[in-house]
Amino acid sequence: MPTLIPSTCALGAVMKREDPRDVLVVKKGLPYSKLSELPPGSVVGTSSIRRTAQLALKYPHLKVLDVRGNIGTRLAKLDAEDSPFTCLILAAAGLLRLGLEDRISQYLDSKNGGMLHAVGQGALGIEIRKGDKTVSEMLSKIGHKQTTLACFAERSLLRTLEGGCSAPLGVETEWVQGSDGKQKLRMRSIVVSVDGTESAEVEMDGDVDSPEAAEAFGVKVAKELVDKGAGMILEVIQRNKKTS
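The following refers to the structure shown. (Residues numbered from 1 in each chain as written. Predicted model: local features only at pLDDT ≥ 70, side-chain atom pairs only at ≥ 80, totals over all residues. Heavy atoms only, no water.)

Focus on the pattern of salt bridges
(1) Moving on: For the structure shown, the criterion picks out 17 salt bridges.
(2) Moving on: Taking the shortest distance from any N to any O, the salt bridge between Arg 21 and Asp 109 comes out at 3.5 Å. Placement of Arg 21 in the loop between strand E1 (9-14) and strand E2 (22-26) and of Asp 109 in the loop between strand E6 (106-108) and strand E7 (125-129) is noted, with a sequence separation of 88 residues between them.
(3) Moving on: Given a relative accessible area of 11%, Asp 109 falls into the buried group.
(4) Moving on: Several salt bridges share partner residues, and in doing so they unite Glu 172, Glu 174, Arg 186, Arg 188, Glu 203 and Asp 205 into one network. (Salt bridge = Lys/Arg side-chain N within 4 Å of Asp/Glu carboxyl O. Helix = DSSP H or I, 4+ residues; strand = E, 2+ residues; numbered from the N terminus. Buried < 20%, exposed > 50% of the residue type's maximum accessible area, 1.4 Å probe, protein only.)

Next comes the structure, spelled out in structure tokens:
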């Protein structure tokens, strides 16, 4: 779903989220099970600028090669005898929904592999007419509140940064218990230059109990990222796009 949707529409609700993390999928027959185990020169397949940038930051000794197609096509390219790829990085949700969890070598997050996922990854949202109270009420019975609020906050972050699907923005959200006993949304976020030489990173907790609070929290995190240099990184990327 686009970050910016028509003014006559709204994101009504989001279903309970599948695992939002990225995963490492190693070519069959190779002995590696973690990104940190891959030797210098190993080729990682991905078409995502977000993943490419984070790999350049965390694993500069690895090579990245573009790979496209649906999951079956990508796995076939990985496993082909003459394949240049050592591994792929994919969304866990796609593999899990297709019953291909046996191909997952490592789940990637802030604590494992140091990779943050894409905004809204693993979530299924329902777009409705803005102001349609009947449909909104129906969705309130099937939507998952915590997932909905987390995704609203993530989308607000991306929208505030004026990024799009190609922006090198990684995010990770989880619900934690605050010192006051209330549930808070913890958001980690990172913006990385395409070559991995510059980055801005933030971790914040927020009181998010409504769509409005989620939107405001996303804006707050975005502003903190900008203060730490994310604005300059994104500006350079946009400038390079216009001149290329």
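Quick word on the packing of helix H5 (residues 145-160) against helix H6 (residues 211-227)
(1) Moving on: Two elements in contact, H5 and H6, have axes whose closest approach is 7 Å; the angle formed by their N-to-C orientations is 40 degrees. Between H5 and H6, the crossing angle belongs to the class labelled oblique. Like other packed secondary-structure pairs, H5 and H6 cross with a definite hand, here right-handed. Here H5 contributes Leu 149, Phe 152, Ala 153, Ser 156, Leu 157, Arg 159 and Thr 160 to the contact with H6, which in turn contributes Pro 211, Ala 214, Glu 215, Phe 217, Gly 218, Val 219, Val 221, Ala 222 and Leu 225.
(2) Moving on: A class-by-class count of the residues in the contact of H5 with H6 yields 11 nonpolar, three polar and two charged. (Axes fitted to C-alpha atoms, helices over the stretch in contact; angles between N-to-C directions. Parallel < 35°, antiparallel > 145°, perpendicular 65-115°, else oblique. Left-handed = near helix turned anticlockwise from the far one by under 90°. Contact = heavy atoms within 4.5 Å. Nonpolar A, V, L, I, M, F, W, Y, C, P; charged D, E, K, R; others polar.)

Side note on the sheet that holds strand E5 (residues 87-91)
(1) Moving on: One open sheet accounts for five strands, arranged E4-E3-E5-E2-E6; its pairing is mixed. Across the chains shown, the open sheet's two edge strands, defined by having one partner strand only, are strand E4 (63-65) and E6. The average undirected angle you get between the axes of adjacent strands in this sheet is 30 degrees.
(2) Moving on: Note that strand E3 (residues 43-45) and E5 share two bridges and pair parallel. Bridge pairing in E5 links Val 44 to Cys 87. (Pairing = 2+ DSSP bridges.)

Quick look at the sheet that holds strand E9 (residues 183-192)
(1) Moving on: The strand order across the open sheet built from three strands is E8-E9-E10, with neighbouring strands paired in antiparallel fashion. Each of the sheet's edge strands pairs with one partner strand only, and the pair in question is strand E8 (169-177) and strand E10 (199-206). Here the average twist between neighbouring strands, direction ignored, is 10 degrees.
(2) Moving on: Alignment of E8 against E9, held across nine bridges, turns out to be antiparallel. Directly across from Val 176, in E9, lies its bridge partner Lys 184.
(3) Moving on: Contacting E8, E9 and E10, helix H1 (residues 49-58) runs over the sheet at an angle of about 80 degrees to E9.
(4) Moving on: Together, E8, E9 and E10 form the strand contacts of H6, whose direction differs from that of E10 by roughly 145 degrees.

So, the side chain of Thr 173
(1) Moving on: Counting through the fold element by element, Thr 173 comes out in strand E8.
(2) Moving on: For Thr 173, the residues in contact, after removing those within four places along its chain, are Arg 17, His 117, Ala 150, Glu 154, Leu 185, Arg 186 and Met 187.

What to know about the pairing of E2
(1) Moving on: Burial within E2 is extensive, with five of its five residues counted as buried.
(2) Moving on: The pairing of E2 with E5 spans five bridges and is classified as antiparallel. Looking across to E5, one finds that Val 23 is bridged to Leu 90.

Describing the environment of Ile 237
(1) Moving on: Along the polypeptide, Ile 237 turns up in helix H7 (residues 230-243).
(2) Moving on: Not counting the four nearest positions on each side in its chain, Ile 237 is found in contact with Pro 168, Val 192 and Val 194.

So, the nonpolar core
(1) Moving on: If you look at the biggest cluster of nonpolar residues, it comprises 29 residues, and the most contacted ones within it are Leu 157, Leu 161, Val 191, Phe 217 and Leu 225.
(2) Moving on: Those elements that provide at least two residues to this core are E1, H5, E8, E9, E10, H6 and H7.
(3) Moving on: With near-sequence residues (within four places) excluded, Leu 161 lies in contact with Leu 169, Val 191, Ala 222, Leu 225, Val 226 and Leu 234.
(4) Moving on: Core analysis: the next-biggest nonpolar cluster, separate from the first, contains 13 residues, Val 43, Ile 71, Phe 85 and Ala 92 among them. (Core = buried A, V, L, I, M, F, W, Y, C linked by side-chain atoms within 4.5 Å.)

Structural notes on H6
(1) Moving on: Over its 17 residues, H6 runs 25 Å from end to end, which matches the ideal 24 Å to within 8%, given 1.5 Å per residue.
(2) Moving on: Listing the buried residues of H6 in full gives Ala 213, Ala 214, Phe 217, Gly 218, Val 221, Ala 222 and Leu 225.
(3) Moving on: Directly beyond the C-terminal end of H6, a positive phi value near 115 degrees is found at Gly 229. (Expected span 1.5 Å × (residues − 1).)

Honestly, it's all geometry; don't read function into it.
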